[in-house]
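Read off the chains here:
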Amino acid sequence: MRFEIMRLDDVDGSAVDRTVVDAASVNRMVQQAAAIGQRIYIRPAESPAS
């Protein structure tokens with residue numbers, strides 16, 4: 001499964017950067033964000049249409 005991770009603006013909470021990662025990478029991304037106090041939003045990435 002893949003997840004979309006959005007880095008959020010500190011002022012208004014809008015998404016300023018997006019990346020799609022596999023499930024194994026989510027924990028690493030969360031740890032990195034927590035280490036620097038970055039706000040992120042994580043959701044399942046949409047599957048490409050068949």
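Above this note sits the structure.
Below: a short report on this structure.

What counts, and where the lines are drawn
Residues numbered from 1 in each chain as written. Predicted model: local features only at pLDDT ≥ 70, side-chain atom pairs only at ≥ 80, totals over all residues. Heavy atoms only, no water. Helix = DSSP H or I, 4+ residues; strand = E, 2+ residues; numbered from the N terminus. Buried < 20%, exposed > 50% of the residue type's maximum accessible area, 1.4 Å probe, protein only. Contact = heavy atoms within 4.5 Å. Core = buried A, V, L, I, M, F, W, Y, C linked by side-chain atoms within 4.5 Å. Salt bridge = Lys/Arg side-chain N within 4 Å of Asp/Glu carboxyl O. Arc of directions from axis to C-beta.

1. So, the overall build of the protein chain
Broken down by element type, the protein chain carries one helix and three strands. If you list the helices and strands of the protein chain from N to C, you get β-β-α-β. Overall, the protein chain is about 40 × 25 × 10 Å in size when its C-alpha atoms are taken along their principal axes. Expressed as a percentage of its 50 residues, the buried residues of the protein chain come to 20%. Counting contacts in the protein chain only where the partners sit at least 6 residues apart, residues at least 24 apart contribute 45% of the total.

2. Remarks on the nonpolar core
Counting five residues, the largest nonpolar core is built from Phe3, Ile5, Val21, Val26 and Met29. When contributions to this core are tallied by element, the ones reaching two or more residues are strand S1 (2-8) and helix H1 (23-36). Apart from the residues within four sequence positions on either side, Ile5 is in contact with Asp17, Arg18, Thr19, Val21, Met29, Ile40, Tyr41 and Ile42.

3. Things to note about the pattern of salt bridges
Applying the stated rule across the entire model yields three salt bridges. Across the salt bridge formed by Arg18 and Glu4, the nearest N and O atoms sit 3.4 Å from each other. Of this pair, Arg18 sits in strand S2 (residues 15-22) while Glu4 is found in strand S1, placing the two residues 14 residues apart along the sequence. Residue Arg18 is classed as exposed on the basis of its relative accessible area of 52%.

4. With respect to H1
Those residues of H1 not exposed but buried are Ser25, Val26, Met29 and Ala33. Buried positions in H1, seen along its axis, are confined to an arc of 115° and lie on one side of it. The outward face of H1, more than 90 degrees from its buried face, is lined by the exposed residues Ala24, Asn27, Ala34 and Ala35. Buried residues in H1 make contact with S1, S2 and strand S3 (40-44). Among the residues trailing H1, Gly37 stands out with phi positive, at a value near 75°.

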